[in-house]
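Read off the chains here:
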Amino acid sequence: MLAGVSPLAMAARGGGGRPAWVPSGASLVLELARDRYWGAARDLISATRASGASMTDLAGVVTYVGDDAFRRVDRGSPVEGPLLNRVLRSADLSILPWANLVGGTASAPVITANAGLAPDGTMTATRIQFNKGAGTTTSDVVRRQQSYASSAVASATSVWVRSHDGVSSYRMTFSGPGSGDISVPVGPTWTRLVNTGVGAATPVLFLGLRGGLTPANSDTADVLVWGAQAENSPSATSYIPTGATTAARAGDIIEMPVGPWFNDAEGTLVAQIRDVDLAADRPSLSLGAGTSRMFELRRSLGVTASLSSTTVRPAGSALPTRTVHVGGYRRSPALLRAANGATFQDDTAATYGATPAYIRFGASPDGTQFLSGYIERVLYFPVLLSPEEMQAVCVLS
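Predicted model only: the values in this text are computed from it and were never measured. (Residues numbered from 1 in each chain as written. Predicted model: local features only at pLDDT ≥ 70, side-chain atom pairs only at ≥ 80, totals over all residues. Heavy atoms only, no water.)

### Points about the pairing of strand β12 (residues 154–163)
As a general feature of sheets, a regular strand has side chains that alternate between the two faces.
(1) Moving on: Of all ten residues that make up β12, nine are buried, and the element is covered over most of its length.
(2) Moving on: For β12 and strand β15 (residues 191–198), the ladder comprises eight bridges, and the chain directions are antiparallel. When the sheet's bridge partners are listed, S155 is paired in β15 with G197.
(3) Moving on: Sheet topology places β12 next to strand β17 (residues 220–231); seven bridges connect them, and they run antiparallel. Residue pairing in the sheet places S158 in a bridge with Q229 of β17. (Buried < 20%, exposed > 50% of the residue type's maximum accessible area, 1.4 Å probe, protein only. Helix = DSSP H or I, 4+ residues; strand = E, 2+ residues; numbered from the N terminus. Pairing = 2+ DSSP bridges.)

Quick look at the structure:
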């Protein structure tokens, strides 16, 4: 199908009545970030998730969906595993269990509930006016904080902050998931501050001002704060609102049944991903039936392509804030191929299961592993692309 078609022409031209944005030879194109589809309708995509969930677009606007709802914004479709927000009253920092810590030259903060529009469009942001005074030692500190229960695993803390007047900028202190803090910039627009590390048994999530940090904290700060979160994850995931108790988000199972676009004998999968969790080997696309895997494309921690059973780990061709994963299969004679923009690897000892019933996005067929990122684009070619064609797709996606 692709014989005689250069990689550049394959990616750039249309043909056969297809739109120009559909690569020649592709039988399925899901542009999830742009909400356009070729080869299968969007309404064939189903989501299973035993909880509501939020999503954040490129402008920083937070929206919510209910149980079993497909999430899609201009960043793509988020796929995340089950997680718990461990702090209470995540949107209202004006009440218990939030408390003050004040020392040295600092004075108690002035706190006003429901003082501004939050990133989700509700009037729920808390205004906090901090004053550290002129002190420059670590004892000169004022912060709004909450202790919570956690454990010594990879964890993340996060909170949305902006200056109250929408003009000023400050330098503040923000806690990590274990001990310690970092000096962070806060400006006139909503920004989600994130700090990662190894958690502790009873850490404290806080925001405020402290002397002795580099870069130095401001002496005063008048800010709006919203959406605090502490989770046992290597990176901050989508916001999980809490009230008087902790709250959990269930894992995403997002899939589409195989259709006329699929070729059981051979094929190539392409996933363009905006990663959130960069610290783990995670699935990006799977072909399976029930809990059984026929073929799986995964992100890799390495710099070269690698193969294992019917799994390909292409390492990914790096684009700004995203990666592209490409891998393919052929049943007879057996061949498994992974590639990135620079190299490829073949395996002729692969064995495959029965014909798959679905293509799953960002989760393993057994539902135990999740991408923890955004899937922007999915391509399927009903042939096993050559190494050169795979590498071209990596670069051009």
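### So, the sheet that holds strand β8 (residues 99–103)
(1) Moving on: In space, the five strands of this open sheet follow the order β8-β11-β16-β13-β14, with antiparallel pairing throughout. Where the open sheet ends on each side, the last strands, each with one partner, are β8 and β14 (181–186). The mean inter-strand angle of the sheet, taken between neighbouring strand axes irrespective of direction, is 25 degrees.
(2) Moving on: Note: β8 against strand β11 (residues 141–147), five bridges, orientation antiparallel. Bridge pairing links V102 to V142 in β11. (Axes fitted to C-alpha atoms, helices over the stretch in contact; angles between N-to-C directions.)

### Brief notes about the packing of aromatic side chains
(1) Moving on: Inspection of every chain in the model, using the stated rule, returns eight aromatic pairs.
(2) Moving on: Here F262 and Y380 contribute two aromatic rings whose centre-to-centre distance is 5.7 Å and whose plane-to-plane angle is 35 degrees, an arrangement assigned as tilted. Note that F262 is positioned in the loop between β19 (253–257) and β20 (266–275) and Y380 in strand β30 (residues 373–381), a separation of 118 residues in sequence.
(3) Moving on: Under the relative-accessibility criterion, F262 is labelled buried at 14%.
(4) Moving on: Overall, Y380 belongs to the buried group, its relative accessible area being 0%.
(5) Moving on: Every member of this aromatic cluster is reached through a ring pair, and the members are W160, W226 and Y239.
(6) Moving on: Over the ring of Y374 we find R75; its NZ or CZ atom is 4.1 Å from the centre of that ring. (Phe/Tyr/Trp six-rings, centres within 6.5 Å; stacked < 30°, edge-to-face > 60°. Lys NZ or Arg CZ within 6 Å of the ring centre and 35° of its normal.)

### Looking at the pattern of salt bridges
(1) Moving on: This model, assessed by the stated rule, comprises 16 salt bridges.
(2) Moving on: Of the charged contacts, one joins R360 and E255 as a salt bridge, the two residues approaching to 2.7 Å between their closest N and O atoms. Placement of R360 in strand β29 (residues 358–361) and of E255 in strand β19 is noted, with a sequence separation of 105 residues between them.
(3) Moving on: Since its relative accessible area comes to 7%, R360 is described here as buried.
(4) Moving on: A salt bridge links E296 to R293, with the shortest nitrogen-to-oxygen separation between them at 3.7 Å.
(5) Moving on: Given a relative accessible area of 33%, R293 falls into the partly exposed group.
(6) Moving on: Within the structure, one salt-bridge network assembled from shared partners comprises R49, R71, E80, R249 and D252. (Salt bridge = Lys/Arg side-chain N within 4 Å of Asp/Glu carboxyl O.)

### Concerning the nonpolar core
(1) Moving on: Grouped together as the largest cluster of nonpolar side chains are 31 residues, with contacts concentrated most on M256, I359 and F361.
(2) Moving on: Secondary structure elements with two or more residues in this core: β1 (28–31), β19, β20, β21 (283–289), β22 (292–298), β29 and β30.
(3) Moving on: Ignoring anything within four residues of it in the chain, the contact list for F361 reads L30, I45, V79, I254, M256, S284, L285, I375 and V378.
(4) Moving on: Among the nonpolar cores identified, the runner-up in size contains 24 residues, and F130, Y170, F174 and A228 belong to it. (Core = buried A, V, L, I, M, F, W, Y, C linked by side-chain atoms within 4.5 Å. Contact = heavy atoms within 4.5 Å.)

### A few points about the layout of surface pockets
(1) Moving on: Taken as a whole, the largest pocket holds about 550 Å³ of empty space.
(2) Moving on: In terms of lining residues, the largest pocket is bounded by 21 residues, among which T56, R75, W160, R192 and V194 are the most central.
(3) Moving on: The greatest single-element share of the lining of the largest pocket, amounting to three residues, is contributed by β15. (1 Å grid on protein atoms, 1.4 Å probe; cavity = no way out; pocket = protein on both sides within 12 Å on 5 of 7 lines; lining within 4 Å. Points joined across faces, edges and corners; volume = space filled by probe spheres on them.)

### Looking at the environment of V22
(1) Moving on: Residue placement: V22 occurs in the loop between α1 (7–12) and β1.
(2) Moving on: For the pair V22 and L379, spaced 357 residues apart in sequence, the C-alpha separation works out to 9.0 Å.

### Topic: the environment of D67
(1) Moving on: By secondary structure assignment, the location of D67 is in the loop between β5 (62–65) and β6 (77–79).
(2) Moving on: On a C-alpha basis, the gap between D67 and R49 in space is 5.7 Å, while along the polypeptide they are 18 residues apart.
(3) Moving on: Among all residues touching D67, those that are not within four sequence positions of it are R49, A50, S51 and G52.
(4) Moving on: Only 3.1 Å separates the side chain of D67 from the backbone nitrogen of G52, close enough to count as a polar contact. (Polar contact = N/O pair within 3.5 Å; in protein donor to acceptor, adjacent residues only side chain to side chain.)

### Brief notes about the sheet that holds strand β10 (residues 125–131)
(1) Moving on: Pairing within the open sheet is antiparallel, and its five strands lie in the order β9-β10-β17-β12-β15. The open sheet has two edge strands, β9 (107–116) and β15, and neither has a second partner. On average, adjacent strands in this sheet sit at an angle of 30 degrees to one another, irrespective of strand direction.

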